[in-house]
Each structure stands twice: as C-alpha cells, then as structure tokens.
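# Structural overview
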Amino acid sequence: MTLQNASQVDCKWNYEFLNLAFNDNVETEVGFVLPKYAEIDYLSMMVFVKTIDATETIDVGLLSTEVGGDANGFITGLSIATAGWIKPSNTLTQGTNAHYISATTFGVLFLPAACLGANVAEQNAAPLFINHMGDGVAKTMTYTCSAGSDAFAGVLAFRWRQFPDPTFWRWV
C-alpha cells in the first residue's frame, strides 16, 4: 500500500499569548482549543505575571470535565507572587541510590508521572519531558488560580504546531 500524491507538510510553530486574571480556584477556559494532532512545546509554556498575587499559585491544563482532561496537566502550582516571565521547573534531590524529582511545577502531560519521586537504582537525574499531542477529545485549555487569589493579572504563553491527519489521505 502506498500513499497517492504524498507531499511535504510544513508544520510551522504558532505562538499564543492569552490573557489571564485571578479566579479564586475556579477552572476557567483561556479561549484556546487544542486541535487533534496539534503539539504543544513543553519548553515554551510560561506565564507572565503583570499583577502579583502574594502566596498564590496557578495551574494550567485541559478542561477536567473532558475525557482525558487534567486541569493542571501543563503547569501545576506555579507561583504568581513575582512579576515577570515565570517558567515551570523541577527540583532534583539526591536520594539513597540516585537523584530524583522531588518537586515540579510541570504537569504530567509534559512530565510523565513515572518520573516523579523515583528513588531507585538506575534512575537518571535528567527528567523525561515530552511535548503534548492533542487527541481531539481533551482539548479546551484552562487555568485555575489557587483559592484566595484576588489580584493576579497576566498572560499565558506557549507555542504549538499542527500536524496533518493522515486518515484523510488517499492510500492505494
């Protein structure tokens, strides 16, 4: 079986900058729907804090009521108490046998849960990151500020690209 009229596809990166405001622990849509087979670059996901909210944090993910949705799947517990661009990060800790990730503000859609808290022989200190590929089901991007947020204003930034859906290509 061969593909009829195969062609190159240019999957250019798109950049999104979406406004955010405090929401006191209410999962809120950001106005972006991730298409099926669209990939989000984990290195690009960040929040610009324009108005700080001391002691508060923000989660970013996919709508929790959608099948496969995870409200903190991209960013979890990122502090919004400092102005400027803030990126998710990991804390590596030396365990009995090896380094392990003891804390992270990356969500499990970028950092598989299997890498978290590992403290066994042969575990690498370098975390395993993956870009997230949209499945067409869990697709509505959301954010949630921690309970008590009452001042935060900022911007969510990330880049994504669309891959083609080969199921619609003509195979002969």
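Worth saying up front: this structure is predicted, and the values here are computed from it rather than measured.

Our focus in this paragraph is the overall build of the chain. Across its full length, the chain holds zero helices and twelve strands. From first element to last, N terminus to C terminus, the chain shows the α and β order β-β-β-β-β-β-β-β-β-β-β-β. The burial tally for the chain puts 37% of its 172 residues in the buried class. In the chain, once contacts between residues fewer than 6 apart in sequence are set aside, the share between residues at least 24 apart is 74%. For the chain, the exposed area adds up to about 9,300 Å²; of that, 55% sits on carbon and sulfur atoms.

Attention now goes to a nonpolar patch on the surface. On the surface, a cluster of nonpolar side chains totalling about 390 Å² of accessible area is made up of Tyr 15, Phe 17 and Trp 85. Secondary-structure assignment places Tyr 15 in strand β1 (residues 14–21). Note on Tyr 15: relative accessible area 51%, which makes it exposed.

Here the focus is the packing of aromatic side chains. Taken as a whole, this structure holds eight aromatic pairs when the rule is applied. Measuring from centroid to centroid gives 5.2 Å for Phe 32 and Phe 158, while their planes differ by 75°, and the two rings are edge-to-face. You can see Phe 32 sitting in strand β2 (residues 28–33) and its partner Phe 158 sitting in strand β12 (residues 153–162), a full 126 residues away along the chain. Of the two residues examined, Phe 32 and Phe 158, each falls in the buried class. Here Tyr 42 and Phe 110 contribute two aromatic rings whose centre-to-centre distance is 6.4 Å and whose plane-to-plane angle is 55°, an arrangement assigned as tilted. Here the residue Tyr 42 occupies a position in the loop between β3 (38–40) and β4 (46–51), and Phe 110 occupies one in the loop between β9 (99–104) and β10 (132–133), the gap between them amounting to 68 residues. By relative accessible area, which is 0% here, Phe 110 ends up buried. Grouped by ring-pair contacts, the aromatic residues Tyr 42, Phe 74, Phe 106, Phe 110 and Phe 129 constitute a single cluster.

The next subject is the sheet that holds β2. Taken together, four strands build an open sheet; the order of strands is β2-β11-β5-β6 and the sheet is antiparallel. Every other strand in the sheet has two partners, leaving β2 and β6 (70–79) as the edge strands with one partner each. Looking at each pair of strands side by side, their axes are set apart by 20° on average, direction ignored. Pairing of strand β5 (residues 57–62) with β6, which is carried by four bridges, proceeds in the antiparallel orientation. The residue bridging Val 60 from the neighbouring strand is Ile 75, located in β6.

All chains considered together, the criterion is met by two salt bridges. Here Glu 39 ties to Arg 161 by a salt bridge, and the two come within 2.7 Å at their closest N and O atoms. Residue Glu 39 is located in strand β3, and its partner Arg 161 is located in strand β12; the two are separated by 122 residues in the primary sequence. Residue Arg 161 is classed as partly exposed on the basis of its relative accessible area, which comes to 22%. A salt bridge links Asp 41 to Arg 159, with the nearest nitrogen and oxygen atoms 2.8 Å apart. Within this pair, whereas Asp 41 is found in the loop between β3 and β4, its partner Arg 159 is found in strand β12, the two being separated by 118 residues in sequence.

Scoring rules and cut-offs
- Residues numbered from 1 in each chain as written.
- Predicted model: local features only at pLDDT ≥ 70, side-chain atom pairs only at ≥ 80, totals over all residues.
- Heavy atoms only, no water.
- Helix = DSSP H or I, 4+ residues; strand = E, 2+ residues; numbered from the N terminus.
- Buried < 20%, exposed > 50% of the residue type's maximum accessible area, 1.4 Å probe, protein only.
- Contact = heavy atoms within 4.5 Å.
- Areas by Shrake-Rupley, 256 points an atom, 1.4 Å probe, with all protein chains shown as cover.
- Patch = residues over 30% accessible without salt bridge, like charges linked within 9 Å, V, L, I, M, F, W, Y side chains within 5 Å.
- Salt bridge = Lys/Arg side-chain N within 4 Å of Asp/Glu carboxyl O.
- Phe/Tyr/Trp six-rings, centres within 6.5 Å; stacked < 30°, edge-to-face > 60°.
- Pairing = 2+ DSSP bridges.
- Axes fitted to C-alpha atoms, helices over the stretch in contact; angles between N-to-C directions.

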